[in-house]
Amino acid sequence: MRASPLTAFQARAQRCLEHSHLQLCEQALIEAEALQRQASALSAYPCQTLLLGVQADLVMQQLEAGRGVQAMADLQAAIRGCAGL
């Protein structure tokens, strides 16, 4: 069984935020963009907003200005807020 897009994104984003692996961060950003567009299309605006926040965290991680614990909290909030996406 394949992981859902949200689950796959969570794993990749978490590894990006924990290890600053630039390729993983780039892949996670692309996945976050697709997920937030899907949320928008479904009028799931709270989920979309949470994903936009995670995208900002991922960009900051790429710029070596990571937000640490707050970024991980943002990711967890997005996963909870986007359950079922």
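Just above sits the structure.
Residues numbered from 1 in each chain as written. Predicted model: local features only at pLDDT ≥ 70, side-chain atom pairs only at ≥ 80, totals over all residues. Heavy atoms only, no water.

**Focus: the overall build of the protein chain**
(1) Moving on: A count of helical and extended segments in the protein chain gives four helices and zero strands.
(2) Moving on: Each principal axis of the C-alpha atoms in the protein chain carries an extent, and together these give about 35 × 30 × 20 Å.
(3) Moving on: When burial is assessed residue by residue, the protein chain has 33% of its 85 residues classed as buried.
(4) Moving on: Sequence separation of 24 or more characterises 62% of the internal contacts of the protein chain that already satisfy a separation of 6 or more.
(5) Moving on: Counting every atom, the protein chain has about 5,000 Å² of accessible surface; 57% of that belongs to carbon and sulfur.
(6) Moving on: Put simply, the protein chain has 6 plus and 7 minus side-chain charges, and the middle of one group is 7 Å from the middle of the other. (Helix = DSSP H or I, 4+ residues; strand = E, 2+ residues; numbered from the N terminus. Buried < 20%, exposed > 50% of the residue type's maximum accessible area, 1.4 Å probe, protein only. Contact = heavy atoms within 4.5 Å. Areas by Shrake-Rupley, 256 points an atom, 1.4 Å probe, with all protein chains shown as cover. Lys, Arg positive; Asp, Glu negative; His and termini not counted. Charge placed at Lys NZ, Arg CZ, Asp CG, Glu CD.)

**Some remarks on helix H1 (residues 5-19)**
(1) Moving on: Spanning 15 residues, H1 covers 21 Å between terminal C-alpha atoms, matching the ideal 21 Å at 1.5 Å per step.
(2) Moving on: When we look at burial in H1, the residues that qualify are Leu6, Phe9, Gln10, Ala13, Cys16 and Leu17. One face of H1 carries all of its buried residues, which in axial projection span an arc of 135 degrees.
(3) Moving on: Turning to H1, the residues buried within the fold contact helix H2 (22-41), helix H3 (45-62) and helix H4 (69-81).
(4) Moving on: Just downstream of H1 lies Ser20, where phi reads positive at about 55 degrees. (Expected span 1.5 Å × (residues − 1). Arc of directions from axis to C-beta.)

**A word on the environment of Gln23**
(1) Moving on: Position of Gln23 among the secondary structure elements: in helix H2.
(2) Moving on: Residue classification places Gln23 among the exposed residues on the basis of a relative accessible area of 52%.
(3) Moving on: Taking the C-alpha atoms as reference points, Gln23 and Val54, 31 residues apart in sequence, are found 16 Å from one another.

Geometry only, nothing functional implied.
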